[in-house]
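Observations on chain architecture
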Amino acid sequence: MPLLGSEKVVLRILDSTSATKTFEELGFWGKTLEVLNVNLSKNHGMFLVTGPTGSGKSTTLYTALQRLNEEGVNIITLEDPVEYYLEGVNQSQVNPEAGLTFATGLRSILRQDPDIIMVGEIRDTETADLAIHASLTGHIVLSTLHTNDAFGAIPRFIDMHVEPFLLTSTINVIVAQRLVRRICKYCVHDVPEPSEVVQRVRESLALMPPAARAELPAEPWVFKRGEGCARCNYTGYRGRMVIAEALANTPELQQVIIAGANPADVKREFERQGMTAMAQDGLLKVLKGLTTLEEVLSATNS
């Protein structure tokens, strides 16, 4: 990017081994992991991952593709750019200068007799319409969408003029995620937290579904932090993991979508499903000594 008298460069360094991890290694667990596995085994429909830039959406999609990658299954991807090479997967990269956009590329993909399609991002109405109709015609479609949480994906589609009745027939699951840093296991130690902070955590976790509360460690809770050592470059953190929430398509959710997909109604259906919200998932990981409270609060802004 040219600046006044200089240039600015951002370099993204990708570890080719990180695309072959499992959902568990990425940080998915509990009911969220269960919903992911169930919906990934379906033979058609949309598997959506949402979140801001840099939240690990592509890595989650690559992990899903690795699960689905079997002999005799025709998988075609359209990416911007291709970040990891997956053996046995037909990977294509968009090139707007040559006229290959997500929309035009998706049209070409549909003539290639695919079983599974991965579209790097749904950015516009045309791409959304093509992805919806691809999933309606018996394809598995994996893609990403820029929304802050799982509840915002449905109104986003409606804003792109996708008919609500089409969403009820195509979306299988919507996953929202953020990345938090893992505490370095070589210099981890216990730290005290102020009573008002502990009370705030207690109040947030009290809203969790009963099944998730069963995962809570017994009080008094122990909070952990990395002291900083040579292995973590004296940061106290080493590696990253996701904190996530998932919204499955159910008959009740379909009724909410048909009625206009009011965000409050979508959230109530999320709670009825017994799902753990992203911030609560992060707090659980704090209490299990995997990350810090500061990381979760920074990622969720709450």
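This text goes with the structure placed above it.
The structure reproduced in this document is the subject of the present report.

Here we look at the overall build of the protein
- In terms of regular secondary structure, the protein is built from 13 helices and eleven strands.
- Computed over the C-alpha atoms, the radius of gyration of the protein is 20 Å, within 12% of the 19 Å expected from 2.2 N^0.38 for a compact globule of 302 residues.
- Across its three principal axes, the protein shows a C-alpha extent of roughly 60 × 50 × 45 Å.
- Considering the protein as a whole, with its 302 residues, one finds that 48% of them fall into the buried category.
- Sequence-distant contacts, at least 24 apart, represent 73% of the contacts inside the protein between residues at least 6 apart.
- As displayed, the protein has an accessible area near 15300 Å², and 51% of this comes from carbon and sulfur atoms.

Focus: the layout of surface pockets
- In this structure, the largest pocket spans a volume of roughly 980 Å³.
- If you list the elements that add at least two residues to the lining of the largest pocket, you get α1 (23–26), α3 (57–68), β8 (171–183) and β11 (237–248).
- Here the element with the most residues in the lining of the largest pocket is α3; it accounts for six residues.
- Of the residues in the lining of the largest pocket, the class split is twelve nonpolar, twelve polar and 13 charged.
- Listing elements by their share of the lining of the second largest pocket, those giving two or more residues are α11 (263–272) and α12 (278–287).
- Grouping the constituent residues of the lining of the second largest pocket by class yields nine nonpolar, five polar and five charged.

Side note on the packing of helix α4 (residues 102–109) against helix α5 (residues 125–136)
- Across the interface, α4 lies against α5 with an axial gap of 8 Å and an inter-helix angle of 20°. Overall, the two elements α4 and α5 adopt an arrangement that is roughly parallel. Of the two possible hands of crossing, α4 and α5 adopt the one that is left-handed. Contacts between α4 and α5 involve Phe102, Ala103, Leu106 and Arg107 from the first element and Glu126, Thr127, Leu130 and Ala131 from the second.

Parameters and conventions
Counting restarts for each chain: residues are numbered from 1 in the order of the written sequence. With pLDDT at 70 or above as the cut-off, local features in this predicted model cover only qualifying residues; side-chain atom pairs require 80 or more to be listed or tallied, and sums for whole chains, interfaces and linings still use all residues. Excluded from the side-chain calculations are hydrogens and water; all other atoms, namely the structure's heavy atoms, are used. Numbering of helices and strands runs from the N terminus, with a helix taken as a DSSP run of H or I at least four residues long and a strand as a DSSP run of E at least two residues long. Taken over C-alpha atoms, the radius of gyration is set against a globule rule of 2.2 Å times the number of residues to the power 0.38. A 1.4 Å probe rolled over the protein chains alone gives each residue an accessible area, and that area as a share of the maximum for its type sets the label: buried under 20%, exposed over 50%, partly exposed in between. The contact rule is simple, with two residues in contact once any of their heavy atoms fall within 4.5 Å. Only the protein chains shown count as cover for residues, and all accessible areas are computed by the Shrake-Rupley method using a 1.4 Å probe. Both cavities and pockets are sets of points on a 1 Å grid over the protein atoms alone; in a cavity a 1.4 Å probe fits but cannot get out, in a pocket the set is open with protein on both sides within 12 Å along at least five of seven lines, and lining residues sit with an atom within 4 Å of a point. Grid points are joined across faces, edges and corners, and a volume is the space filled by probe spheres set on the points. Classification used: nonpolar for Ala, Val, Leu, Ile, Met, Phe, Trp, Tyr, Cys and Pro, charged for Asp, Glu, Lys and Arg, polar for all others including Gly. Note on definitions: angles span 0 to 180 degrees between N-to-C directions of axes, and those axes are lines fitted to C-alpha atoms, for helices only across the stretch in contact. Working rule for angles: under 35 degrees goes down as roughly parallel, over 145 as roughly antiparallel, 65 to 115 as roughly perpendicular, anything else as oblique. Should the near helix be turned counterclockwise from the far one by less than a right angle, the crossing is left-handed, whereas a clockwise turn marks it as right-handed.

Interpretation note: all reported values are geometric properties and have no functional meaning in isolation.
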